[in-house]
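Structural description and commentary
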Amino acid sequence: MATVDLVLPHHRYPIQIGPGLLADLGKMVREAAPHNRATLIIDDKITETHGAAARSSLESAGFDPVAATMHAGEDHKTLATVEKLYHPMLDARLERKSPVVAVGGGIVGDTGGFVAASYLRGVPFVQCPTTLLAMVDASVGGKVGVNMPQGKNLIGAFHQPVLVVIDTDTLKTLPKRDFICGLAECIKHGVIRDPDLFDWIDQNADAILGLDSSALVELVERNVRIKAAVVMEDEKEAGVRAHLNFGHTFAHAIEAGTEYGKYLHGEAVSLGMVAAARLATDTGRCDAAVADKLTVLLSKVGLPTTAKDLPATSKLMDIMLSDKKVADGKVRLVLPDKLGAVSIVSDTPNDRVASAWDSLRS
Ligand SMILES: NC(=O)c1ccc[n+]([C@@H]2O[C@H](COP(=O)([O-])OP(=O)(O)OC[C@H]3O[C@@H](n4cnc5c(N)ncnc54)[C@H](O)[C@@H]3O)[C@@H](O)[C@H]2O)c1
């Protein structure tokens, strides 16, 4: 088992990582948020498996949890779901000290976290992420929230958990496509901060894709350390936390331009990182070898690096330019300087951005 401590000026919490950890969840929650009652919010696809393990561990530790389920999927990450989740908590008269424990992917973590942030003005929150993306990204850092018809993640809060419990065995039931999507965020971490991680993923791709237990623990731990370090430097995204958006401005345009139906988030991020790296080469920021190495590794793990049927470049540019990050008609992008270092760039000519889009089609 590995532990990463996330330390902020007014808050600190452990992120526990290891195979089979859900069995010890109850004991760990008891230490982090001692109370007899708890809310357990579970992704309804895993109620019988990981949800049941979490529940029985909480019960063995003396909790009497109020259990509720929700569907994953962006269209369930809503205020309507949040309201539905409040009812059993209110009916059971759960108090301010009763923790909310979320077991699932990023959808359940973000929604459950918003329930925890807002129920009685905030109760302790415990994350048990069960997708690779949620383990290495969404569960660490305290951003919680829901979508609105106007856009994703528009309503939310910063509500740091008191504990994160990552049972890497839960990845064994995750559909392969979702698992591979999580690898896009791991490779992203390598590009923005850690060339050794980038090379380690390359060298260990077979063990990772084969779900080798120790490779999974090392993968998750190394990535959690990076995400936690970024959050510790910049909790509220005033500076370096924006580096985590590498590839994401392109990805959001791909997702919106294809009505969120064709590409999973990690697949769109993969294409977005390729476009951003090529743009960095094209504008003289970094060596072409970075884009080449990145493209090779993404495709080695099964992520897309070309997309012949993307919407027209003019449509993708319009979406990008309507983004909240646009200033003076130019898109704000995170671009690599070299493997392991990125910068925020706001003066890229739009015709160069358009060429980066076009490069994904060949
Ligand atoms: N809060 C943050 O900082 C942050 C960061 C990145 C992403 N996010 C959010 O995360 C969300 C995406 O998260 P996600 O990719 O985990 O998606 P998800 O929660 O939809 O999970 C993906 C799929 O896997 C299923 N699933 C989950 N765990 C499983 C398991 N162990 N076995 C079998 N099936 C399982 C789910 O039911 C779902 O079908 C987005 O809404 C995004 O905005 C948040």
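Scoring rules and cut-offs
Residues numbered from 1 in each chain as written. Predicted model: local features only at pLDDT ≥ 70, side-chain atom pairs only at ≥ 80, totals over all residues. Buried ≥ 20, exposed ≤ 12 C-beta atoms within 10 Å, placed from the backbone. Helix = DSSP H or I, 4+ residues; strand = E, 2+ residues; numbered from the N terminus. Pairing = 2+ DSSP bridges. Right-handed = clockwise from strand over helix to strand, strands pointing away. Domains from an automatic or database assignment. Contact = placed C-beta atoms within 7 Å. Nonpolar A, V, L, I, M, F, W, Y, C, P; charged D, E, K, R; others polar. Near = placed C-beta within 6 Å. Core = buried A, V, L, I, M, F, W, Y, C linked by C-beta atoms within 7 Å.

Our focus in this paragraph is the pairing of strand 3 (residues 37–43). Most of strand 3 sits out of view: 6 of its 7 residues are buried. Bridge count for strand 3 against strand 4 (residues 64–70) is 7 bridges, and the pairing is parallel. When the bridges of strand 4 are listed, Ile-42 appears paired with Thr-69. With helix 2 (residues 47–60) bridging strand 3 and its parallel neighbour strand 4, the resulting β-α-β unit is right-handed. By the bridge criterion, 4 bridges tie strand 3 to strand 5 (residues 100–104) in an arrangement that is parallel. Looking across to strand 5, one finds that Thr-39 is bridged to Val-100.

Let's shift gears to the domain arrangement of the chain. One can read the domain layout of the chain as domain 1 (2–173) and domain 2 (181–359). Taken residue by residue, the interface counts 23 residues in domain 1 and 22 residues in domain 2. Those elements giving two or more residues to the side of domain 1 that touches domain 2 turn out to be strand 1 (2–8), strand 2 (11–18) and helix 5 (132–138). For the side of domain 1 that touches domain 2, the residue count by class is 16 nonpolar, 4 polar and 3 charged.

Here the focus is the site of the ligand. Looking at the ligand, there are 29 residues lining it, with Ala-72, Gly-105, Gly-106, Thr-131 and Ala-138 nearest. Secondary-structure elements contributing two or more residues to the shell around the ligand are helix 4 (106–118), helix 5 and strand 8 (151–158). Here the residues of the shell around the ligand sort into 8 nonpolar, 12 polar and 9 charged.

Of all hydrophobic cores here, the largest spans 114 residues; its most connected members are Ile-41, Val-101 and Ala-276. A total of 10 residues in this core trace back to one element, the largest contributor, which is helix 11 (residues 265–282). Both domains that meet at this core, namely domain 1 (2–173) and domain 2 (181–359), each give it at least three residues.

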